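Summary of the model geometry
Each chain is listed here by its residues.
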Amino acid sequence: MFSLNKHYIIIIVCACLSYQVISARGASVSVGVNQEDDDFLNGTFPEGFMWGYATAAYQIEGAWNEDGKGESIWDHFTHRLISPIIDGSTGDIACDSYHKYAEDVELLKALGANFYRFSISWSRILPNGTNDVVNQPGIDYYNRLIDLLLENNITPMVTMYHWDLPQALQANYGGWPNESLVEHYENYARILFENFGDRVKYWITFNEPFNTCELGYGLSIAAPGILGEAIQPYLCAHTILKSHAKAYRLYESEFKPTQNGQVGITIDTEWMEPRNSSNPDHEEAAERARRFKHGWFAFPVFFGDYPPVMREMVDAASAAEGRNQSRLPTFDDNWKTLLNGSLDFLGLNHYTTELVAPGGLCLFPGWSCDQHVTKTKDPNWEGSASAWLKKVPWGLRKLINWIKDTYGNPKVLITENGWSDAGNSGLNDTQRIGYYTDYINNVMKAVILDGCNVQAYTAWSLMDNFEWANGFTDRFGVHWVNFTDPDRPRIPKASTVALKKIFDDNGFPEEK
Ligand code: BGC
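In this text, all values refer to a predicted model and were calculated from it rather than measured experimentally. (Residues numbered from 1 in each chain as written. Predicted model: local features only at pLDDT ≥ 70, side-chain atom pairs only at ≥ 80, totals over all residues. Heavy atoms only, no water.)

Scanning the chain from N- to C-terminus turns up 18 helices and 19 strands. Here the C-alpha atoms of the chain give a radius of gyration of 21 Å, agreeing with the 24 Å that 2.2 N^0.38 yields for 512 residues. Based on the C-alpha atoms only, the size of the chain along its principal axes is roughly 60 × 55 × 50 Å. The 512 residues of the chain split such that 62% are buried. Contacts in the chain between residues far apart in sequence, at least 24 positions, make up 78% of those at least 6 positions apart. When the accessible surface of the chain is split by element, carbon and sulfur atoms take 51% of a total near 17,400 Å². For the chain, the separation between the mean place of its 42 positive charges and that of its 64 negative charges on side chains is 2 Å. (Helix = DSSP H or I, 4+ residues; strand = E, 2+ residues; numbered from the N terminus. Rg over C-alpha atoms; globule rule 2.2 N^0.38 Å. Buried < 20%, exposed > 50% of the residue type's maximum accessible area, 1.4 Å probe, protein only. Contact = heavy atoms within 4.5 Å. Areas by Shrake-Rupley, 256 points an atom, 1.4 Å probe, with all protein chains shown as cover. Lys, Arg positive; Asp, Glu negative; His and termini not counted. Charge placed at Lys NZ, Arg CZ, Asp CG, Glu CD.)

Written as C-alpha cells, this is what we have:
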C-alpha cells in the first residue's frame, strides 16, 4: 500500500479538523486486543508452504525508454515539469534491474526464496498498449529472467499489471475509466500467456486495483494524476474488474488445459478494527469499511457483484446529490457470470491496521465519503518511516480470519507485507526484523490455530526501490541500494539473515 494514501485520504477527505479531534479521541480509547494474540507461537507451517520476495517493474527496472519500450503513465507522471514526487526523483534508472536481473536472482537464491513475484511492464511488451506492435526485446528480457529463475529453482510469480499503464492508452482513451481498455488488456494477457505460460504457473492479473483507481483517478497522487474522486475511481474499478474476468476466462478456456497454471488477483487492505470494540456501531462501521475497501474488488470476483452495502450507500448518496444514475456502475448478468468465481487464489497485500468509527466530516462526494466512516491510528503503535505504516501484527491474523469467514476459506497467497525505514537508516534494520517476525508469526497462528488456507508469504521487498510518490525516501528493501552510485549496488541488511532463517525453518520451530 503505497505511502501517501492513507495520510492523504484522511487529510483531504475527512478534513484536518475532524482528523485531529478524532485522533485525540482515538488515543483515549483502548483497542480491544486479547493479550493472548500477542503471545509468540512456536511451530512450523504445513509442508509445501511457499516463501518469496516481491518487486514491481516500474519500481526496479529502470531502462524506461530502452530497447523499444514505450512510455508508461508512471514515466509520464514522474517527468512532469513540476514533479509530483516528494524528492523529485523518477524510476528512469531505479535499481537498474533491467541490466542487473542476474544479480537479483543471485540475491533471491542466497535468501532461500522459493518464488519471486515480479511484474511485467505492459509498455515494454506493447509500446503503444495495443497489439499492433509487439516489442521482441521486451519479451526477450522477461524470458531471460524467467529462465534464470527456473534454473535456480525459483518459481516465477508474475503480476501482469502493477500500475504502469502504457501512456498511449491513457492519452487515447483516458485510461482505466474507459471500458475500451478491457479489450486491450485481454489482448495483452493473451500475449503474456502465449509467450511465458509454458513456464509461468502463477499469474496475478492486477496488483492493488484500489490504489490504481482511488489514488490515480480520484485523489491524483499516483499516475496518471487525475482528480476525479466522485466517479472516476468507480469507473476505473469497473473496467479493471471486467478486464480481470476476461483474462481469467481466457486463461481458463485456452491456456489452462495445457499450461496448468493458476490465475488470481491481488487486493490490498488494512485490517479495519472497530475503534471501540464494545460499541456495535463501531463494529458495523468497521465491517462497512472492510467491504468498501477489500469487498469492492473481492465481492465481484468471488460472488459476481459489488457488496450490497456499497450498492445501497453509493446509490443513496448519488440520489441525494441529484444524479439520475448511481456513481457505482452495474454489471449485467453476463458480466456477473464471468466475474463469479474468477480466481484460483486470492492475492493479499497487507501492511497495517486502521481504527474505524462511524461518521466523519466529508468535503466532497466519492469513495471515502460514501462509506461514512472515520479512520485513525492508535498513537501507541510502533511507526515506520511511512506515516501510514504502523506495526499491528494481530491485525493480519484478524484479517486472514475475516477473509476465511467472508469468502469461504479461499486459497490465499500473501503477495506483499513489509516495513519501511528512512533514507539515512543503516543496515541494522532491527525494526524490520521485529515486524516480519511478529507478522509471520500471526500468519502461522491463522494457519495452524484457526485453519485459514494461506499457502504463501511474500516479503516486500527484495531491495530498496522507487516508492512511488515518496521516491527514494522510504526504503522497504531487505537489501540497501545506493541510488547515487551508477552501479546501484545491493547490500544485505540484517533482515536478510533473519528472514532466511524463518524461510529455511518454515516458521519458528525453536523457542524464541
Ligand atoms: C505496492 C508496492 C509498494 C508497497 C509499499 C504496495 O502498495 O504494491 O508497489 O511499494 O505497497 O508502499
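An order of 2-3-4-5-6-8-13-15 is seen for the 8 strands of this closed barrel, with the pairing classed as parallel. Averaged over all neighbouring strand pairs, the angle between strand axes comes to 25°, with direction disregarded. On top of the sheet, helix 16 (residues 393–407) reaches strand 8 (345–349), strand 13 (412–416) and strand 15 (454–459); it is set at about 155° to strand 8, its chief contact. Strands in contact with helix 18 (residues 494–505) are strand 2 (50–54) and strand 15; relative to strand 2, the strand with the most contacts, it is inclined by about 150°. (Pairing = 2+ DSSP bridges. Axes fitted to C-alpha atoms, helices over the stretch in contact; angles between N-to-C directions.)

The next point concerns the layout of surface pockets. There is about 180 Å³ of room inside the largest pocket. If you go around the largest pocket, you meet 12 residues; those closest to its centre are Lys501, Ile502, Asp505, Gly507 and Phe508. For the lining of the largest pocket, the secondary-structure elements that each account for two or more residues are helix 17 (430–449), helix 18 and strand 19 (507–508). (1 Å grid on protein atoms, 1.4 Å probe; cavity = no way out; pocket = protein on both sides within 12 Å on 5 of 7 lines; lining within 4 Å. Points joined across faces, edges and corners; volume = space filled by probe spheres on them.)

As a further point, take the side chain of Ser461. Looking at the secondary structure, you find Ser461 in the loop between strand 15 and strand 16 (474–475). Polar contacts involving the side chain of Ser461 include one to the side chain of Asn465, which spans 3.1 Å. Those residues in contact with Ser461 that lie beyond four places of it in its chain are Tyr53, Ala54, Thr55, Tyr436, Phe476, Gly477 and Val478. (Polar contact = N/O pair within 3.5 Å; in protein donor to acceptor, adjacent residues only side chain to side chain.)

What follows covers the side chain of Glu214. Assignment of secondary structure puts Glu214 in helix 10 (residues 209–217). It turns out Glu214 is buried and unbridged, and the closest side chain with the opposite charge, Arg327, is 8.8 Å from it. Discounting chain neighbours no more than four positions away, the residues touching Glu214 are Leu219, Glu229, Pro233 and Trp367. (Salt bridge = Lys/Arg side-chain N within 4 Å of Asp/Glu carboxyl O.)

This brings us to the packing of aromatic side chains. Per the stated rule, a full pass over the model turns up 55 aromatic pairs. Centre to centre, the rings of Phe302 and Phe303 are 6.1 Å apart; their planes meet at 45°, and the pair counts as tilted. Pairwise contacts between aromatic rings join Phe45, Phe49, Trp51, Tyr53, Trp419, Tyr435, Tyr436, Tyr439, Tyr457 and Phe503 into one cluster. When the ring centre of Tyr141 is taken as reference, the NZ or CZ atom of Arg124 above it lies at 5.9 Å. (Phe/Tyr/Trp six-rings, centres within 6.5 Å; stacked < 30°, edge-to-face > 60°. Lys NZ or Arg CZ within 6 Å of the ring centre and 35° of its normal.)

If you trace the 3 strands from one edge of the open sheet to the other, you get 7-9-10, paired in mixed fashion. Two strands bound the open sheet, and with one partner strand each, they are strand 7 (271–274) and strand 10 (373–376). Direction aside, neighbouring strands of the sheet carry axes that sit 40° apart on average. Sheet analysis places strand 7 next to strand 9 (residues 353–358), joined by 4 bridges and oriented parallel. Residue pairing in the sheet places Pro274 in a bridge with Val356 of strand 9. Sheet contacts for helix 16: strand 7 and strand 9; angle to strand 7, the most-contacted strand, approximately 100°.

For the pair helix 17 and helix 18, interaxial distance at closest approach is 9 Å and the crossing angle is 20°. Classed by the angle they form, the pair helix 17 and helix 18 counts as roughly parallel. For the pair helix 17 and helix 18, the crossing hand works out as right-handed. Of the residues in helix 18, those touching helix 17 at Arg432, Ile433, Tyr436, Thr437 and Ile440 are Ala494, Ser495, Ala498, Leu499 and Ile502. Within the contact of helix 17 with helix 18, the residues separate by chemical class into 7 nonpolar, 2 polar and 1 charged. (Parallel < 35°, antiparallel > 145°, perpendicular 65-115°, else oblique. Left-handed = near helix turned anticlockwise from the far one by under 90°. Nonpolar A, V, L, I, M, F, W, Y, C, P; charged D, E, K, R; others polar.)

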